[in-house]
Structure formats: C-alpha cells, structure tokens
Amino acid sequence: MRDVYDFAKFFIKNGADSRPNTYDGNMKLQKLLVLADLVNIAEYGEPLFDDQVLAFKNGCVVEKVRLRYKNDYAAFRRDSELYQPDFSEREYEVLKLVNHTFKFWKSAFENGKSSTGYHNKDMSVVDMMSQQSDVEKMREIISAYRETANDITASETINGVTFYFDGFALTDDMIDRLESFSLSADEDTYSVYLDNGRLVIY
C-alpha cells in the first residue's frame, strides 16, 4: 500500500487544492484524499492508504498531510512538482473518480467533542470500512461513470486535461479552444458536445 503522501503530491501537482497554501486549499486536498480512499474501498474492498482518517469540524483529514500542508507548504509544493507518479491503472482510475462530497465525517467529529469544547483526535478516528451507505453511494457513482465511459468513443488530452466527445471530429479551432480552456481548468476530465454547432464544455 502506498504512502498517502504519494496521492497528496499527485493532487497538488495537478492543482487540485484550487486555492494553494490556504486553509480552503488544505481542506479541498483532504476531501480528495478521503474520497479517493472511499472509492478504493467501494471498488476493491480495501483502503487506498494506511494512514488514519480523522473527523475535524469542517471535514475528514489525514493529519500528517494536513500538518505538512499547513506548516511546510513551500517544500511540499516543490516535492509535488518534482513527483513522478507511477500509479497502477487501478490507482489512476480511483483518482479520476474522486469528484463528490460525503458527510460521514460528522458523526466521528461529534464523537470527538467533549463538554469543555476540546476536540479529542483519538475519539475522532473515522472507520472508513464501516461507512456502508457512503460506500454504496460511491458504487453507484462508479457504475454511472463506467456506463458513461462506455458510451463515449473518443477523447483528447491537452495539458493533462482529458476531453471526452462522441459523434463528431475535433477541428483545429476546437482544439485551440480546448487548449485555452485547459490552462485554467479546475478538473482533469470534461465532456464536450456540440449545441447548434457551438462547442460546449462541461
């Protein structure tokens, strides 16, 4: 099983923390790591990494990643930019499927609160294997993704962003537009279709 830092560096390298070196960026990274773990459990019956997932006030976190992002962002960012992932096809698929939010952290977070307001991390450990309703949601997402992916016959990857399309060929003008879009894209996968001759990206 890989170290959780491998996945964190992959997400940071691909700009998935959206607001770099901020609290919000850190929390987005945490969400992606936790959801990737959940996808792996749903698909393969085991966690993606060994590190504990803790419930905090605003969501689940992997503590060592949270602290490094908070206290050593510049070096973490440098390591991420230099990181050359060698993930398996299965791991890559899991990372691509991470795009939904779940609320299972709330019960673990409440469990870790005391009457004095102190937050007990030891009491906030989230048992990812017991989150059956969320695992089932993830199974539904995976199933829908596979059905959709099977219907799409063509794709074009530009600057690390993959655009899926069907029923038409991309012109040079369309590729130029996708290239421009890819430079500020928030996600790494989009669908493209034609609406009355106009290219639509979503």
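Here the structure is a predicted model, which means the values were calculated and not measured.

Asks: Give me the overall build of the protein: which residues, what numbers.
Replies: Helix and strand counts for the protein stand at eight helices and seven strands. The principal-axis extent of the C-alpha atoms belonging to the protein is close to 60 × 40 × 30 Å. Counting the 202 residues in the protein, one finds 42% classified as buried. Pairs at least 24 residues apart make up 65% of the contacts formed inside the protein by residues separated by at least 6 positions. Placing the 24 positive and 35 negative side-chain charges of the protein at their respective mean positions leaves the two points 8 Å apart.

Asks: How would you sum up the nonpolar core? Please name residues and give values.
Replies: By size, the foremost hydrophobic cluster in this structure holds 40 residues, and its most contacted members are Phe 11, Leu 29, Leu 33, Val 53 and Val 65. Put simply, the parts of the chain that give this core at least two residues each are α1 (4-13), α2 (23-44), β1 (53-56), α3 (63-71), α4 (73-82), α5 (89-96) and α7 (132-151). A total of 10 residues in this core trace back to one element, the largest contributor, which is α2. Aside from chain neighbours lying at most four places away, what touches Val 65 is Val 4, Tyr 5, Ala 8, Leu 29, Gln 30, Leu 33 and Phe 76. Formed by 12 residues, the second largest nonpolar core is a distinct cluster that contains Phe 163, Leu 170, Val 192 and Leu 199.

Asks: An account of the sheet that holds strand β5 (residues 161-165) is needed here, citing residue identities and associated values.
Replies: Taken in spatial order, the four strands make up an open sheet running β4-β5-β6-β7, and their pairing is mixed. Of all strands in the sheet, those with a lone pairing partner are β4 (154-158) and β7 (198-201), marking the two edges. Going from strand to strand, the sheet's axes swing by 30° on average, the running direction of each strand aside. Sheet analysis places β4 next to β5, joined by five bridges and oriented antiparallel. Within β5, the residue paired with Ile 158 across the bridge is Val 161. Strands in contact with helix α8 (residues 172-182) are β4, β5, β6 (189-195) and β7; relative to β7, the strand with the most contacts, it is inclined by about 30°.

Asks: Could you give me a rundown of the side chain of Asn 40, with the residues and numbers involved?
Replies: Mapped onto the elements of the fold, Asn 40 is located in helix α2. Judged by its relative accessible area of 2%, Asn 40 is buried. Contact partners of Asn 40, with chain neighbours within four places excluded, come to Gly 45, Glu 46, Pro 47, Leu 48, Arg 90 and Val 94.

Asks: Tell me what's going on with the packing of α1 against α5, and back it up with residues and numbers.
Replies: At a closest axis distance of 12 Å, the pairing of α1 and α5 adopts a crossing angle of 55°. Here α5 runs oblique to α1, going by the angle between their axes. By crossing handedness, the relation of α1 to α5 is classed as right-handed. Residues Phe 7, Phe 10 and Phe 11 of α1 lie in contact with α5, whose contacting residues are Glu 91, Tyr 92 and Leu 95. For the contact of α1 with α5, a count of residues per class yields five nonpolar, no polar and one charged.

Asks: Let's hear about the packing of α1 against α2: which residues, and what values?
Replies: Contact pair α1 / α2: the axes reach a minimum separation of 10 Å and the direction vectors enclose 125°. Taken together, the axis directions place α1 and α2 in an arrangement best described as oblique. The two elements α1 and α2 meet at a crossing, and its hand is right-handed. Seen from α1, the contacting residues are Val 4, Phe 7, Ala 8, Phe 11 and Ile 12; seen from α2, they are Leu 29, Leu 32 and Leu 33.

Asks: So what about the side chain of Arg 66? Which residues, and what values?
Replies: Looking at the element boundaries, Arg 66 is found in helix α3. Each residue touching Arg 66, except ones within four places of it in the same chain, is listed here: Asn 26, Gln 30, Phe 56, Val 61 and Lys 121.

Reading guide: rules and limits
- All residue numbers here refer to positions counted from 1 along the written sequence of the relevant chain.
- Totals for whole chains, interfaces and linings use all residues, but because this is a predicted model, local features are given only for residues with pLDDT of at least 70 and pairs of side-chain atoms are given and counted only at 80 or more.
- Side-chain numbers here rest on the full set of heavy atoms in the structure, without hydrogens or water.
- Runs of E in the DSSP output that reach at least two residues are strands. Runs of H or I that reach at least four are helices, and both are numbered from the N terminus.
- Note on exposure labels: buried denotes an accessible area under 20% of the residue type's maximum, exposed denotes more than 50%, and partly exposed covers the range between, all computed with a 1.4 Å probe on protein chains only.
- Contacts between residues were defined by any pair of non-hydrogen atoms, one from each residue, lying within 4.5 Å.
- Asp and Glu count as negative and Lys and Arg as positive, but His and the ends of the chain are not part of the count.
- Taken as the charge centre is NZ of Lys, CZ of Arg, CG of Asp or CD of Glu, depending on the residue.
- Among the buried residues, those of types Ala, Val, Leu, Ile, Met, Phe, Trp, Tyr and Cys that are joined through side-chain atoms within 4.5 Å form a nonpolar core.
- What makes two strands pair is DSSP finding at least two bridges between them.
- Lines fitted to C-alpha atoms define the axes, with helix axes restricted to the stretch in contact, and inter-axis angles between N-to-C directions lie between 0 and 180 degrees.
- By the definition adopted for this analysis, an angle is roughly parallel if under 35 degrees, roughly antiparallel if over 145, roughly perpendicular if from 65 to 115, and oblique otherwise.
- With the far helix as reference, a near helix turned anticlockwise by less than a right angle produces a left-handed crossing, and one turned clockwise produces a right-handed crossing.
- Here the nonpolar group is Ala, Val, Leu, Ile, Met, Phe, Trp, Tyr, Cys and Pro; Asp, Glu, Lys and Arg are the charged ones; every other residue, Gly included, is treated as polar.

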